[in-house]
Amino acid sequence: MVVGIVVTITCIFIGRLVQLQLIEGELKVKASDLTESRTIINPSRGLILDRHNEVLVGSEAVYDLVVTPRHLRNLDTTACAIWAGISREDLEAALKKARRFSRYKPSAVRRRIEPAEHARMAAVLYKYSGFELWRKPIRSHRYRVATHLIGEFAEASADDLKRDREYDRHYRMGDYLGKTGLEAIYERELRGVKGRRSVVVDARNRVRQVGVAASVDRAAEDGQDLTTTLDLKLQQHAELLLAGKAGSVVAIEPATGEVLAIVSAPFYDPNLMLGASRGAAYDSLLHDSKKPLFNRAIRATYRPGSIFKLMQGAIALDEGVISPGTQLACDRSLIGCHGPHTMDDLSGAVIHSCNPYFYQVMQRTINKRSTGNHFTTAARGLDHWKERIEAFGFGTKLGNRLRGTAAGNIPDASYYDKVYGQRHWDFGTIYSIAIGEGELLATPLQMANLAATLANRGWYREPHFVKDIGGRGAPTGAGVRFETGIAPRHFVPIIDGMQNVVEQQGGTGWRARIPGVQVCGKTGTVQNDPLLDHSVFIAFAPRDNPQIALSVYVESSGAGGEWAAPIASLLIQGHLTGAVDSLKQARYLGAVPPMPDSQLAIEQPTETAQQP
Amino acid sequence: MSTRRKNISAHIDWTLLGLFALLAAIGWLNLVSAATGPDTAVNWSLESMHGRQLIWLGLSTVITLLILKIEGEFFIRTTWINYALTTALLAAVLVVGRKVGGARSWFGFGGFGIQPSEFAKFGAAMGLAWWLAFTKGLHDLRSIIGSLAIIGLPVGLILLQPDAGTVLVFVGFIFALYREGMSGFVLVAGFTALVMLVFTIITGATTVNYPWIGPWSGILRFLLATGAVFTAGIFLGRSMTRPRHRRKLTRNLVLWAVAALTFSAVLHTTMAEVLKPHQRDRIHVLFGIEVDNPGANYNIRHARIAIGSGGLTGRGWCEGPMTGFGFVPEQETDFIFCKWSEEWGFVGSALLVLLFAALIIRIFFIAERQRSAFTRIYAYNLGGLFFMHLLINVGMVLGLAPVIGIPLPMMSYGGSSVLAFSIMMAVLLRLDAERFSVLR
Ligand SMILES: [Zn+2]
């Protein structure tokens, strides 16, 4: 019996040991929670550079003051509040919240402490057991340019954190991440890999051993630098010229598809969105009627206007429905026109932007393959036409995985079937799309891409914004070549016309003239009732071996030649020659077209058209 | 003379001595680790904790060798001198002792301290053995009263210190009483009462948040658990006994359960309603319940984490951060088992428990082969003391028994305990070695 008792107790003890040491794995976790203190080492975020390696966006640090309630000892809240730079009530509330969250895990007491204040606090940090200062990378925009493209780097929201927990568990509360633009798309490359250092602490939180948990220790890997395709000088120049206006500039290097400049005006100072002022700044931008947060260059869809005629001409030549010498009357009974001309060939029609000419050109294209019924002929012809237009990048999302790019709208037969009913429409119903009006919608990026396609005489490369990421070159898909399927010779009469738009006496684009440079351009004026028209200009230069193709869109500013063309010429001149006509620039710099509140959100396609 | 000495060394129980020496060696190595911590080199000075322990071990070895040379008859004859001396020390310590942790239980001599309660175990074990051998068992009132008086005197003095842990160790003498004629009923009833007493007081002082009822005394949960254990016992018993015994067994168990629960309820009511607050606090202090901070189960929680973090094979000698970096208080004394467990894992912990079990069972085995009643009873007493130490200390550390501070023999830091256990072990070895020359 006595031995039985001893054996029983022994068995109970060994059973308990089995339970504690072999079954309950959580005790091990608790032990390492108690004895290991993990420090996260934040890597520097990758820089964002322009095409000439000029740093556009640098990486700086701010600090968060955090507290681990378990390690608080003899806290003098009055002194601590003064040290932390917050009121005593705030400190006590923060401590209470931290205790509720976890006794073992750190919670933030104060965020975004600037380096100068950090230095003051760090000097006496040792007095406040339980507190730590965590370094956190933030952005500094050196030149404050390309804000929309680069995007925002801000504190991770609850949703961001939730997504991250299922995904790769990189962020913890209070961390920053790329919210929009390139910062968001290349977040994984830019952010780098967090380092981790575990130390063993004793019961009073004094560090006792370093480097014992080598298996989980890891050096931080800095984020990869991102080289954009932007040209800082051109970008700055474009922002200077668009300051105070609403609109956009997109400039592309035709041979590569690299975007040299992309501006959406109005823009805002990205540095306002950093640090403690972010909340208020963001609110005021969000509620600004001119929508400064909205990236017009890739997201706004406008009717393209007369620049669309260039494509109509090239497609018609390729379809064989006209030849370069085909003369068509300016029959103003079909559609209104402007200017003293009666009959034009293709080049002349481009110069005069003759509406009846392109009315008839598109009519021929649509009705080329007759089915015997004018309704079905138009339907089949329109679908075919849409494919040709899409080959120019319209109606598709350009921009190589830049988020938020709009596709615009190129209507097809089913679109009009929904509007008018099947077999209830023919070319006579939809003719306004022939001159870039009606239901057509395009982004400034697509318009600049049209200029690049014309510059290349029939092909374009996917417009993209990233030249190199982490030394591995451009991302997949950037600069992929797309063909329009139209022979280069068909572009000659059109480019002849474009050159004359600028160079001929009385051409609508005369304000884009640059001495010594052959600029090929086309104006457009898009009606914006009841306000002033939108002013559009696309161009490339020089005519042979083009270096730059661009679109300039100025909202509510009047005729295309008046505002968009001179802005384009200044940009081309600056980019190609390194100098600008300072007198000309002075005229457009301070000048601001009447700019009412943006109508973007409520803009609907209309059938009315106006030509210059 | 020379043949006699040769006889003695030939008849020494080397198994028991080996087990005991192994335990002492393990205990000392473990103490080296407890004094060192993972971030420091071992300090080999005699000033260190393990250095002092080594001095005590050396002293114990010398005394052990001396005792092995002295005839057993000497110890039997000096039983009462021994008993009087250790009991007098217990009385003296109440007057001139140092107060440590609320209890007056130490004599201080310079750097070293002596804890007389450790030696009182020896005196009482000898005294009880002499008395029961003299009365030839526990059969009449005189033998019962005499036994109770022999145990009761030191127990009373220790209660005055107060030191509940050491008092509970004296329960170990029940093995000998049972062996010498006490009815099994008393043994079982005694154990039941002891368990109910300890748990009633401990759980009665806690507050548990119950579903539906809300926060209330933890005694309710304990009573419900006890009821469940008895119910399970009744059904288990029924299925394991022959039909004709079933009714009797069920009736006995039901009576037993009613008695145990009534005892607990009455005890709790007495504690809560009859005793004055300061008296209640006294009892709570006795059981190591922190009166000011009833929620402080910090020690036991961290002890459990330290043991659990040992896993299968442990962190390695001197490598345990939980014990080494101060997360487990008293890791060198009452919680020494945590140190061992964290560093040697399940393998080491199970081996240590088995080593203790083997030692205790060996002592009982030796007891049963004696012709001398004195030696038999003394061996039972020693086995019982070892068993109670193991039961209370390891049970506490594993979270199975309440937090009552007593040392784990030969493992915990402390010279008095090592010396006392060595003396008791040496006397048993000597008496056992003479088992063939005993004529009585
Ligand atoms: Zn005309």
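Here is what the cut-offs are and how they apply
In this convention, every chain numbers its residues from 1, walking through the sequence in written order. A letter from A marks each chain and a number from 1 marks each ligand, given out in the order of writing. At least 70 in pLDDT is required for a residue's local features to be given in this predicted model, at least 80 for side-chain atom pairs to be given and counted, and no such filter applies to totals for whole chains, interfaces and linings, which use all residues. Calculation of side-chain values draws on the structure's entire complement of heavy atoms; hydrogens and water are dropped beforehand. Secondary structure follows DSSP: runs of H or I at least 4 residues long count as helices, runs of E at least 2 residues long count as strands, and numbering of each begins at the N terminus. Contacts: residue pairs with any heavy atoms within 4.5 Å of one another. Accessible areas in this description were obtained via Shrake-Rupley with a 1.4 Å probe; residue shielding takes into account the shown protein chains only. For this analysis, a ring pair means two rings from Phe, Tyr or Trp (six-membered ring only for Trp) whose centres lie within 6.5 Å, classed as stacked if their planes differ by under 30 degrees, edge-to-face if by over 60, and tilted for the remaining angles. Buried residues are those whose accessible area, probed at 1.4 Å on protein chains only, stays under 20% of the maximum for their type, while exposed residues exceed 50% and partly exposed ones sit between those limits. In short, DSSP must find at least two bridges between two strands for them to pair. Every axis in this analysis is a line fitted to C-alpha atoms, fitted for helices over the stretch in contact. Angles between the N-to-C directions lie between 0 and 180 degrees. With respect to orientation, any angle under 35 degrees is reported as roughly parallel, any angle over 145 as roughly antiparallel, any angle of 65 to 115 as roughly perpendicular, and every other angle as oblique. The handedness criterion is simple: a crossing whose near helix is rotated anticlockwise from the far helix by less than a right angle is left-handed, and one whose near helix is rotated clockwise is right-handed. Residues are grouped as follows: Ala, Val, Leu, Ile, Met, Phe, Trp, Tyr, Cys and Pro are nonpolar; Asp, Glu, Lys and Arg are charged; all remaining types, including Gly, are polar. Each nonpolar core is a collection of buried residues, namely Ala, Val, Leu, Ile, Met, Phe, Trp, Tyr and Cys, held together in the definition by side-chain atoms within 4.5 Å. Every residue is assigned a pLDDT by the predictor, reflecting its confidence on a scale from 0 to 100. Within 3.5 Å is the distance limit for a polar contact, defined as a pair of N or O atoms, with the added protein rule that one can donate a hydrogen and the other accept it, and that residues adjacent in sequence qualify only through two side-chain atoms. Basic side-chain nitrogens of Lys or Arg form a salt bridge, by our definition, when they fall within 4 Å of a carboxyl oxygen of Asp or Glu.

When helices and strands are counted, chain B shows 18 helices and five strands. Here the contacts in chain B between residues at least 6 apart in sequence split such that 69% fall between residues at least 24 apart. Of the roughly 19,800 Å² that chain B leaves accessible, carbon and sulfur atoms contribute 67%.

Tallied over the entire structure, the rule returns 30 aromatic pairs over all chains. Ring plane angle 20 degrees and centroid distance 4.4 Å describe the contact between W83(A) and Y128(A), whose orientation is recorded as stacked. Here the residue W83(A) occupies a position in helix α3 (residues 77-84), and Y128(A) occupies one in the loop between α5 (115-123) and β5 (131-141), the gap between them amounting to 45 residues. Their ring planes at 35 degrees and their centres at 5.9 Å tell us that W131(B) and F134(B) sit as a pair that is tilted. Note that W131(B) and F134(B) are positioned in helix α6 (residues 116-134) at a spacing of three residues, about one turn of the helix. Judged by its relative accessible area of 15%, W131(B) is buried. Members of the aromatic cluster, joined through ring pairs, are W80(B), Y83(B), W130(B), W131(B) and F134(B).

All names here are of chain A. Reading across from one edge, β12-β11-β20-β19-β18 is the order of the five strands in this open sheet, with antiparallel pairing throughout. Looking at which strands have only one partner, the edges of the open sheet turn out to be β12 (258-265) and β18 (520-526). Ignoring which end each strand starts from, the neighbouring axes of this sheet average 5 degrees apart. Two strands pair when backbone bridges link them, and strand β19 (residues 534-541) and strand β20 (residues 548-554) are joined in this way by seven bridges, in the antiparallel orientation. Bridge pairing in β20 places A539 opposite L550.

The next point concerns the packing of helix α3 (residues 49-69) of chain B against helix α18 (residues 415-433) of chain B. Residues and elements named next belong to chain B. In contact at an axis separation of 9 Å, α3 and α18 are set at 20 degrees when each is read in the N-to-C sense. As summarised for this structure, α3 and α18 are arranged roughly parallel, according to the angle between their axes. As for how α3 packs across α18, the hand of that crossing is right-handed. For the pair α3 and α18, the contacting residues are Q53, W56, L57, L59, S60, I63, T64, I67, L68 and K69 in the first and G415, V418, L419, S422, I423, A426, V427, L429 and R430 in the second. The class makeup of the residues in the contact of α3 with α18 is twelve nonpolar, five polar and two charged.

Residues F337(B), Y378(B) and F386(B) are the most contacted members of the largest nonpolar core, which totals 129 residues. Top contributing element to this core by residue count: helix α16 (residues 336-368) of chain B, with 17 residues. Leave out the neighbours within four places in its chain, and F337(B) touches L17(A), I307(B), S349(B), L352(B), V353(B), N393(B), V394(B), V397(B), L398(B) and L408(B). Core analysis: the next-biggest nonpolar cluster, separate from the first, contains 91 residues, L56(A), V250(A), A300(A) and I430(A) among them.

Next up on the list: unusual backbone geometry. As a rule of thumb, non-glycine residues mostly have phi less than zero, and peptide bonds are mostly trans rather than cis. The step from A541(A) to P542(A) runs through a cis peptide bond, and the omega angle for that step is -15 degrees. Following the sequence through the fold, P542(A) ends up in the loop between β19 and β20. Omega for the bond connecting Q161(B) with P162(B) falls within 30 degrees of zero, at -5 degrees, which places this linkage in the cis form. Here P162(B) is to be found in the loop between α7 (141-159) and α8 (164-169). The phi angle at S353(A) is positive, at roughly 50 degrees, despite the residue not being glycine. Topologically, S353(A) is positioned in the loop between α14 (346-352) and α15 (355-366). Owing to a relative accessible area of 1%, S353(A) belongs among the buried residues under this scheme.

Our focus in this paragraph is the confidence of the model for chain A. Chain-level statistics for chain A give a pLDDT mean of 86 and a share of 94% at 70 or above. Note on residues 595-612 of chain A: pLDDT under 50 across the span, and 57 contacts to partners over four residues away in sequence or across chains.

Before going further, it helps to examine helix α10 (residues 232-242) of chain A. Residue and element names in this part refer to chain A. For α10, the tally of buried residues reaches eight of eleven residues, placing the bulk of the element in the interior. Three or more residues of α10 are buried, namely L232, L234, Q235, H237, A238, E239, L241 and L242. Of the surrounding elements, those touching the buried residues of α10 are β3 (55-67), β11 (247-253), β12, β20, α21 (564-577) and α22 (582-589). At the N-terminal boundary of α10, the capping side chain belongs to D231, with an oxygen 3.1 Å from the backbone nitrogen of K233. Once α10 finishes, G244 follows within two positions and takes phi at roughly 85 degrees, a positive value.

Residue and element names in this part refer to chain B. Chain-level statistics for chain B give a pLDDT mean of 86 and a share of 93% at 70 or above. Looking across chain B, the model is least confident in helix α1 (residues 2-11), with a mean pLDDT of 63, and most confident in α16, with 95. Below a pLDDT of 50 lies the segment residues 292-296, which in the model reaches two contacts outside its immediate sequence neighbourhood of four places, other chains included. In the predicted assembly, ipTM is 0.85 and pTM is 0.65.

Residue and element names in this part refer to chain A. Applying the stated criterion across every chain yields a total of 39 salt bridges over all chains. Of the charged contacts, one joins R388 and E319 as a salt bridge, the two residues approaching to 2.8 Å between their closest N and O atoms. Within this pair, whereas R388 is found in helix α16 (residues 374-390), its partner E319 is found in helix α13 (residues 308-319), the two being separated by 69 residues in sequence. With respect to class, R388 is no different from E319; both count as buried. Among the charged side chains, a network of salt bridges with common partners joins D64, R111, R112, K136 and E155.

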